[in-house]
Amino acid sequence: MAHEGAGCYGLSDGVLSYRHELAAHECSVIDAALSILGRYLRQPGKALEQPAAVKEYLQLAIGSESREVFGVLYLDNQHQLIAFENHFLGTLSQTSVYPREVLRAALRHNAAAVILSHNHPSGSTNPSNADMVLTEAIRTALVHVDVRLLDHVIVAPGEALSMAECGLLWGVPVATPAEPMKRKRGRPRKSVDPADKV
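A brief look at the structure comes next. (Residues numbered from 1 in each chain as written. Predicted model: local features only at pLDDT ≥ 70, side-chain atom pairs only at ≥ 80, totals over all residues. Heavy atoms only, no water.)

Further remarks concern the pairing of strand β3 (residues 81-89). Across 7 bridges, strand β2 (residues 69-75) lies against β3 in antiparallel orientation. Bridging from a neighbouring strand, Leu73 pairs with Phe84 of β3. Adjacent in sequence and paired antiparallel, β2 and β3 are bridged by 5 residues, among which His79 carries a positive phi angle near 65°. (Pairing = 2+ DSSP bridges. Helix = DSSP H or I, 4+ residues; strand = E, 2+ residues; numbered from the N terminus.)

Written out as structure tokens, the structure reads:
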């Protein structure tokens, strides 16, 4: 369900969407705002240079949903928006997210970077432990195909939190393909200096 900023943003206007209760002209205003912000985010570097615009876009797209929605902004290597997809729709307090599906979509879009997003219908933008673990799992999956995770934005009606701005994104170091994982079990290997050999 990718979209490019106009019209549908990956969710239906069905009875479970907050849009169901809006008048047609109100939906049109939201769609126009998403279109304008989407065009803005397609300019080179804007997704990174203007985190406020990313937050506004995501607040409009998923901030008022009554159930958790997990979406991803796919960016090219100039950090221009390629697409926004809502991948998973959950319940009032949780959604099941599969890092494999995010990885597949990143490859399908030929993305160089991603910004994760989800809403908290409770109104609190504080990341849970599950949010932190999920973010790290997705970052670990993406690093092996050279796709950078730039941010994970949590939105609620009227507010948004950027995990990158709060310093919460870079918690656990991850091995990159050029940097193999260190041994974790057994005794450390003794290094032998050739000068020590007799």
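We now examine the environment of Leu58. Along the chain, Leu58 falls in helix α3 (residues 51-62). Residue class for Leu58 comes out buried when judged on its relative accessible area of 0%. Considered as a pair, Leu58 and Val153 are 95 residues apart in the sequence and their alpha carbons are 8.1 Å apart. Apart from residues lying up to four places away in sequence, Leu58 is in contact with Gly63, Leu73, Phe84, Ser117, Val153 and Val155. (Buried < 20%, exposed > 50% of the residue type's maximum accessible area, 1.4 Å probe, protein only. Contact = heavy atoms within 4.5 Å.)

With respect to the helices and strands, the residue Glu136 is situated in helix α5 (residues 129-143). Note on Glu136: relative accessible area 15%, which makes it buried. Of the polar contacts made by the side chain of Glu136, one reaches the side chain of Arg139; its length is 3.2 Å. (Polar contact = N/O pair within 3.5 Å; in protein donor to acceptor, adjacent residues only side chain to side chain.)

So, about the pairing of strand β5 (residues 148-156). The element β5 is largely enclosed, with a buried count of 8 among its 9 residues. Here strand β4 (residues 113-119) runs beside β5; their pairing, made up of 7 bridges, is parallel. Looking at β5, one finds that His118 is bridged to Ile154. Note that the unit made of β4, α5 and β5 has a crossover that is right-handed. As defined by bridge partners, β5 adjoins strand β6 (residues 159-162) across 4 bridges and the pair is classed as antiparallel. Across the sheet, the residue bridging to Val153 is Ser162, located in β6. (Right-handed = clockwise from strand over helix to strand, strands pointing away.)

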